[in-house]
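Below, each chain spelled out in residue letters.
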Amino acid sequence: MSTIRRLLGFARRYWGSAGLGVFCMLVVTALNIAYPQFIRIIIDTGLTQKNYKLIPYMAFAIIGSTAIKGIFVFGEIYLSEYVANRTVYDIRNRLFDQIQRLSFSYHDEAETGQLISRATSDVDTVRVFMGGGLLQLVVNILMIFGIASVLIYTNWKLALLAMSAMPFLAVVAIKYKGRIRPLFTSIQDQIGDMTTAIQQNLMGIRVVKAFACEEQEIDKFSSQAYELLERNMKAARVSSFYGPMMDFIAAFGVTFILWYGGMQVINHQLTLGELIAFVTYLMMFIWPVRVLVWVVGLAQNAVAGGDRIFEILDTHPETGMKDGTVELKNCTGHVEFNDVSFAYASGGKVLRNIDLEAKPGEMIALLGSTGSGKSTVINLLPRFYDVTSGAILIDGVDIRKFRLESLRRNIGIVSQETFLFSDTIRGNIAYGRPNASMDAVIEVAKASNIHDFIMTLPHRYETRIGERGVNLSGGQKQRIAIARALLMNPPILIMDDSTSSVDTETESLIQKALVSLTESRTTFVIAQRISTIKRASKIVVLDKGRVAECGTHNELIERGRLYAEIYHLQFKSQEQ
């Protein structure tokens, strides 16, 4: 019930529409309860007492009430669906908003398919319950209490006999609820796993085809789909068992009523019309109870989906990370790492006692073997992760005091794994500044040496690129990513091996353009090209999470230590 209450909490904004919908439900319920009375009057007064003139009036009354009921049924269904869909719209937006704000550490461990499943399949189970299930729940509860009142008023002895089966029905419903909920939870989990399998396959489709592993992937997905089939069928078996059981229990009540009520009609203690009306009421009473079992199933499915939704919503937006309150304004780009250490939650220390200073306008080249901590250093600067100990300062202020959005707006990033959206080239370049002028977009495109290529495309800057930029070369994607970062005009620039996928000639042109662009900003670069490293103001050599050496290219060569060794093994041939 706590999950249901939280889900209904999203519907509070629409209480007016919900209230009007409930009013429509009350009118429909009242008209439904009135129908058997029309039948009783026709039989007892019209037929038994041979008052045939009354029958047409009763027929018109039934037709008229049916027409009125149709109007209110429309209002009942439309308003309930309106409230349900608006509520689910809010839940889905809230969920997506939360996913956007979750930390890098959360996304490191979360499966993309599970997140997609919760934002689609789980949210849809809530919509089905709130649109159809909740409506049926309210309507049938009103019907049960209304019909029970009429039955007791008509003949309390028959009413008690009729409702003697209710405790047994309640026991069956409770047992059904206990068995079906974990099944629905397992179904939702499996849908998430299957979505993950689809997502991973589509993202890696080129690898699949390159290794001719289509059959292997088909078998893998088939096993996931079969597991979902098995879980659905298990839930279907449980539902199929408890439904007929409730019908069987209800049938006993009808049988006893027909027997006992028939005896009262014979003994003139009850009219035939009253008995038929009573039996009609009883059938109307059993149906809502039967429907409630179906509603319980929808509710349990919605609760299973709701629990998975709230698991995300209840996660702190930045796990273990508090947002600051200070706006980073007029940033000069003076960066300091003071005795910084860092360890991921799942492992040992990655960085140990890092001390580093980058003055405004300097370029810091990070160098080291795989796993030395280069990427971790630059991931700490925009607070993708928080330091385990020590502090990182920008302009003398601990970055944890800055608002995350404010901090990241002052840092431009060109990552090693370039990601482009399925949008126009202009849209991708202007992603961080959607309102940027066309002149500004062209300027950064020229600086990144991508403008000439764009002008050869059919629609130039309005050309749409494929998903993740698959119809572009690696170098073209990286140059667009560089333009995207430069358009932000950030005082701090991070380039994570951003020229690794371009040829030497293209890299040379990019480097020439970046010379003037990096003069006024602090730049951190992880590079695999000697041209980038030699142009750096300072080279920081990392080894096993520590700063092994720091200095200019010439200084480090003269020392003849780790950098000189790396240079002779990797970079001297490049230079030659």
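Look up a bit, the structure's there.
What counts and what doesn't
- One numbering rule holds for all chains: residues counted from 1, following each sequence as written.
- Residues qualify for local features only when their pLDDT is at least 70, as the model is predicted, and side-chain atom pairs are given and counted only at 80 or more; totals for whole chains, interfaces and linings, by contrast, use all residues.
- Only heavy atoms go into the side-chain values, all of them from the structure, while hydrogens and water stay out.
- Only the stretch in contact is used when fitting a helix axis, every axis being a line fitted to C-alpha atoms; angles between N-to-C directions are given from 0 to 180 degrees.
- Numbering of helices and strands runs from the N terminus, with a helix taken as a DSSP run of H or I at least four residues long and a strand as a DSSP run of E at least two residues long.
- By definition in this entry, angles of less than 35 degrees are roughly parallel, angles greater than 145 are roughly antiparallel, angles of 65 to 115 are roughly perpendicular, and the rest are oblique.
- Two helices cross in a left-handed way if the nearer one is turned anticlockwise from the farther one by less than a right angle. They cross in a right-handed way if the turn is clockwise.
- Contact definition: two residues touch when any of their heavy atoms are within 4.5 Å.
- When residues are grouped by polarity, Ala, Val, Leu, Ile, Met, Phe, Trp, Tyr, Cys and Pro land in nonpolar, Asp, Glu, Lys and Arg in charged, and all others, Gly among them, in polar.
- Each pair of strands is called paired provided DSSP finds at least two bridges between the two strands.
- Only buried residues count toward a nonpolar core, which is a set of Ala, Val, Leu, Ile, Met, Phe, Trp, Tyr and Cys residues joined through side-chain atoms within 4.5 Å.
- Residue burial is assigned from relative accessible area. The probe radius is 1.4 Å, only protein chains are included, and a residue is buried under 20% of its type maximum, exposed over 50%, and partly exposed in between.
- Whenever a carboxyl oxygen of Asp or Glu lies within 4 Å of a side-chain nitrogen of Lys or Arg, that contact is scored as a salt bridge.
- Note that the arc is defined by the directions from the helix axis to the C-beta atoms.
- Each Phe, Tyr or Trp ring (for Trp, its six-membered ring) is paired with any other whose centre lies within 6.5 Å, and the angle between the two planes then decides the class: stacked below 30 degrees, edge-to-face above 60, tilted in between.
- Here, a charge over a ring is recorded when the distance from Lys NZ or Arg CZ to the ring centre is within 6 Å and its angle to the ring normal is within 35 degrees.

Student: Just to check I follow, could you spell out the packing of helix α2 (residues 15–48) against helix α5 (residues 112–154) for this structure?
Tutor: A packed helix pair is summarised by two numbers, namely the angle formed by the two axes and the spacing between the axes. It is at 10 Å that the axes of α2 and α5 come closest, and there the two elements cross at 40°. The angle between α2 and α5 places the two elements in the oblique class. The interaxial crossing formed by α2 with α5 has right-handed handedness. Contacts between α2 and α5 involve Met25, Leu26, Thr29, Asn32, Ile33 and Gln37 from the former and Leu135, Val138, Val139, Leu142, Met143, Gly146, Ile147 and Val150 from the latter. Residue composition of the contact of α2 with α5, grouped by class: ten nonpolar, four polar and no charged.

Student: What's the story with the sheet that holds strand β9 (residues 538–543) in this structure? I'm lost.
Tutor: The strands that make up a sheet pair up through hydrogen bonds in the backbone, lying either parallel or antiparallel. An order of β6-β7-β8-β3-β9-β10 is seen for the six strands of this open sheet, with the pairing classed as mixed. Since the sheet does not close on itself, it has two edges, and those belong to β6 (411–414) and β10 (546–551), each with one partner. Neighbour to neighbour, the strand axes of the sheet diverge by 20° on average, direction disregarded. The pairing of strand β7 (residues 492–496) with strand β8 (residues 522–526) spans five bridges and is classified as parallel. Each residue of the ladder has a partner; that of methionine 495, found in β8, is valine 525.

Student: It is not clear to me how the sheet that holds strand β2 (residues 349–358) should be interpreted in this structure. Could you clarify?
Tutor: An order of β2-β1-β4-β5 is seen for the four strands of this open sheet, with the pairing classed as antiparallel. Every interior strand has two partners, whereas the edge strands, β2 and β5 (397–398), have only one.

Student: What is the right way to read the nonpolar core from this model?
Tutor: Soluble, globular proteins show a tendency: their nonpolar side chains are buried together. Ile147, Ile180 and Tyr281 are the most contacted members of the largest nonpolar core, which has 41 residues in total. When contributions to this core are tallied by element, the ones reaching two or more residues are α2, α5, α6 (156–162), α7 (166–203), α9 (214–266) and α10 (272–313). Ranked by residues supplied to this core, first place goes to α7 with ten residues. Setting aside residues up to four positions removed in sequence, isoleucine 180 forms contacts with Ala235, Val238, Ser239 and Gln300.

Student: I would appreciate a short explanation of the pairing of β9 in the present structure.
Tutor: For a regular strand, side chains alternate in direction, first toward one face of the sheet and then toward the other. Most of β9 sits inside the fold, with five of its six residues counted as buried. Note: strand β3 (residues 363–368) against β9, five bridges, orientation parallel. The residue bridging isoleucine 364 from the neighbouring strand is lysine 538, located in β9. Relative to β10, β9 is paired through five bridges, and the arrangement is antiparallel. In the sheet register, valine 541 faces β10, and the bridge partner there is glutamate 549.

Student: When you look at the pattern of salt bridges in this model, what are you seeing that I'm missing?
Tutor: A side chain of one charge can pair with a side chain of the opposite charge if their charged atoms are brought near each other. Tallied over the entire structure, the rule returns 14 salt bridges. Put simply, aspartate 90 and arginine 13 hold a salt bridge, and the shortest N to O gap is 3.2 Å. Separated by 77 residues along the polypeptide, aspartate 90 in helix α3 (residues 54–101) and arginine 13 in the loop between α1 (2–9) and α2 bring together distant segments of the chain. Taken together, the salt bridges that share partners define one network made up of Asp122, Asp189 and Arg308.

Student: Before we go on, may I ask you to explain the environment of alanine 436 in this structure?
Tutor: Considering the arrangement of structural elements, one finds alanine 436 in the loop between α13 (425–429) and α14 (438–447). Judged by relative accessible area, alanine 436 falls into the buried class, the value being 3%. For alanine 436 and arginine 426, which are ten residues apart along the polypeptide, the C-alpha to C-alpha distance reads 9.8 Å.

Student: Which parts of the structure should I look at to understand the packing of α2 against α3?
Tutor: As a packed pair, α2 and α3 sit with axes 8 Å apart at the nearest point and diverge in direction by 160°. Put simply, α2 runs roughly antiparallel to α3. Read as a crossing pair, α2 and α3 show a hand that is left-handed. Grouping the amino acids of the contact of α2 with α3 by side-chain chemistry returns 24 nonpolar, eight polar and two charged.

Student: Mind showing me how you'd approach the pairing of β8 here?
Tutor: Among the five residues that make up β8, five are buried, leaving the element largely enclosed by the rest of the structure. Side chains Thr522, Phe524 and Ile526 of β8 all project onto a buried face; the interleaved residues Thr523 and Val525 project onto the opposite face, where all are buried too. Bridge count for β3 against β8 is four bridges, and the pairing is parallel. The residue bridging alanine 365 from the neighbouring strand is valine 525, located in β8.

Student: Please explain the environment of arginine 13 as it appears in this structure.
Tutor: Of the residues examined, arginine 13 reaches a relative accessible area of 60% and is grouped as exposed. Each C-alpha atom, one on arginine 13 and one on threonine 87, is 8.5 Å from the other, the two residues being 74 residues apart in sequence.

Student: Can you help me understand α14 in this one?
Tutor: Side chains three or four residues apart in an α-helix point the same way, a direct result of the helix having 3.6 residues per turn. Ala440, Val441, Val444, Ala445 and Ala447 are the residues of α14 that are buried. The buried residues of α14 occupy an angular sector of 160° when the element is viewed end-on, so they sit on one face. Opposite the buried face of α14, by more than 90 degrees, sit the exposed residues Asp439, Glu443 and Lys446. Downstream of α14 by one or two residues, asparagine 449 has phi in the positive range, about 60°.

Student: Can you walk me through the packing of aromatic side chains in this structure?
Tutor: Aromatic ring pairs are defined here through the distance separating the ring centres and the angle between the ring planes. Using the criterion set out here, one finds six aromatic pairs in the structure. With a centroid separation of 5.9 Å and an interplanar angle of 10°, the aromatic rings of phenylalanine 74 and tyrosine 78 are classed as stacked. Of the two residues, phenylalanine 74 and tyrosine 78 both sit in helix α3, four residues apart, roughly one turn of that helix. Exposure remark for phenylalanine 74: the relative accessible area of 58% places this residue in the exposed category. For tyrosine 78, a relative accessible area of 48% gives the class partly exposed. Each ring, one from phenylalanine 421 and one from tyrosine 431, has its centre 4.6 Å from the other, and the planes form 20°; the classification is stacked. Taken together, the residues phenylalanine 421 in the loop between β6 and α13 and tyrosine 431 in the loop between α13 and α14 connect sequence positions ten residues apart. Judged by its relative accessible area of 32%, phenylalanine 421 is partly exposed. The positively charged end of arginine 6 is found above the aromatic ring belonging to phenylalanine 310, 3.9 Å away from the centroid.

Read these as layout, nothing more, since geometry by itself doesn't imply function.
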